[in-house]
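If you want the building blocks of each chain, they are given just below.
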Amino acid sequence: MKQMKRKAAGRVHGFNHKRSQTKRMSKAARSTNRIGSWRSYTKMKQSGGKRLSHSRRRFIRSHSDKRTHAHPSSGQAAADRRTSVPVEWLRAAAEAGHADGREYAGACETPSSVRRANVIRRMQTHFSHFSERYQPIAVAYNQVKALAAAYHEGFTVPFFPQAKDAVLLPTTKTMDVVVTACNEENSIATVMKELSRLPLGETIVIVNGSTDNTLHTVRQSSDEATVIHYPEALGHDVGRSIGAKLSRGDIVLFVDGDFAIPAEELGAFVWAVHTGVDVALNDIGPFLHNFDKQDGITHCKQWLNRSLGRDDLYANSMTAIPHALSRKALDTIGFQALSVPPKAQALAIARGLNVQSVHTVDVINKNRVRDTNVGAVNPVAELILGDHLEALRSLMDEGASMLRSDQQRERIALRRNSI
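All figures in this text were calculated on a predicted structure; none of them were measured in a lab.

### Some words on the packing of aromatic side chains
Taken as a whole, this structure holds 9 aromatic pairs when the rule is applied. Ring centres of Tyr104 and Phe155 lie 6.4 Å apart, and the angle between their planes is 40°; this geometry places the pair in the tilted category. One end of the pair, Tyr104, is in helix α6 (residues 87-106); the other, Phe155, is in helix α8 (residues 141-156), and 51 residues separate them in sequence. The pair Tyr104 / Phe155 is uniform in exposure class, with both members buried. A network of ring pairs unites the aromatic residues Trp89, Tyr104, Phe127, Phe130, Tyr134, Tyr151, Phe155 and Phe160 as a single cluster.

### Focus: unusual backbone geometry
The omega torsion of the bond from Ile321 to Pro322 falls at -5°, within 30 degrees of zero and hence cis. Position of Pro322 relative to the elements: it lies in the loop between α13 (296-307) and β6 (323-326).

### Some words on helix α7 (residues 116-131)
Between its terminal C-alpha atoms α7 stretches 22 Å, which fits the 22 Å expected from 16 residues at 1.5 Å a residue. Along α7, the residues classified as buried are Val119, Ile120, Met123, Gln124, Phe127, Ser128, Phe130 and Ser131. For α7, the buried positions fall inside an angular range of 160° around the axis, keeping them on one side. Packed against the buried residues of α7 are α6, α8 and β1 (175-181).

### Notes on the side chain of Asn316
Counting through the fold element by element, Asn316 comes out in the loop between α13 and β6. In this structure the side chain of Asn316 is engaged in a polar contact, spanning 2.9 Å, whose partner is the backbone nitrogen of Ile284.

The rules behind each value
Residues numbered from 1 in each chain as written. Predicted model: local features only at pLDDT ≥ 70, side-chain atom pairs only at ≥ 80, totals over all residues. Heavy atoms only, no water. Phe/Tyr/Trp six-rings, centres within 6.5 Å; stacked < 30°, edge-to-face > 60°. Helix = DSSP H or I, 4+ residues; strand = E, 2+ residues; numbered from the N terminus. Buried < 20%, exposed > 50% of the residue type's maximum accessible area, 1.4 Å probe, protein only. Expected span 1.5 Å × (residues − 1). Arc of directions from axis to C-beta. Contact = heavy atoms within 4.5 Å. Polar contact = N/O pair within 3.5 Å; in protein donor to acceptor, adjacent residues only side chain to side chain.

This is the structure we're talking about:
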């Protein structure tokens, strides 16, 4: 009777009191499982219709695979702190860039016909001198990037449009990049275009084992790059080792040719080395699943870092690109060690170099899928696992103090006492 009266009242006032399908199912969920939302009802149905306890629901919420923040043990939490840039700094940078650009344009017959690479080098030199007054204060990369953008706009917009996409870095150190490529004809041109935006001293491309037009595409994409061609496949790691041997820069950046990374992102690794880091790693922590869903390679990376007393590095490794090394790091660990990235990283830590996770670039979801890197057991995974065993062996030969049993016991005791 009450329901009939409500329906009648609804018709009079123009309302429809009939519950929708979603509301009826939500009511059923509340009555059977004491869950107050449609999402909870869906989870209940997916679990076989069984009622989930409050503690179980809380566990599921706390172990969600989708992380919107950096892993607590990674270095990205500190690297992503945003620091505002004073307006006065930006105004001064724009004015200095405009003045330097006007002076350089006056010395050129036709400013728009000057080679793009020459304009970038000129901007880089003058911007490095201009930014010296701010470097004791502006150490965060976002501050450096904002200053560079203001200076660059003042320099290029009125006079040199051909260099409008350049990325400047306030450093007087020379920078080289090593690119390894194997059958990358569809992506290498984009990679080279992004690298051309940086004020690099030398670009070294190691083309190995390619059966497509990668070599031809590289030569067409850049007339200044040093291209080394090997008909046989060497692998990325050996290619980086060869490129490092040929490099002469104070800072050496390493990337692969399978997908392009924006120059602004690459600049973070160069800036980190300029400010004192010897080995600047890519922080892939935010893109990894929880520990129980990670693969064996990720576990090995964590195990090696923890064994070296560097829990803060999490699963970050020189196996992943991009990363950058100082000349000090190359001289300390040797370019031969780069052919086994976990070994090179272990030696860098054991020999007291400054190894840090400095910036986040998603190479997990963008990595090119190949026949050799898919599946539970694949050649790439087996190679990386073997590299970690070789890294452990090199530490044992090195006599690394962090692997001694007495220090291990001290660390375990310290953890127990802190609980």
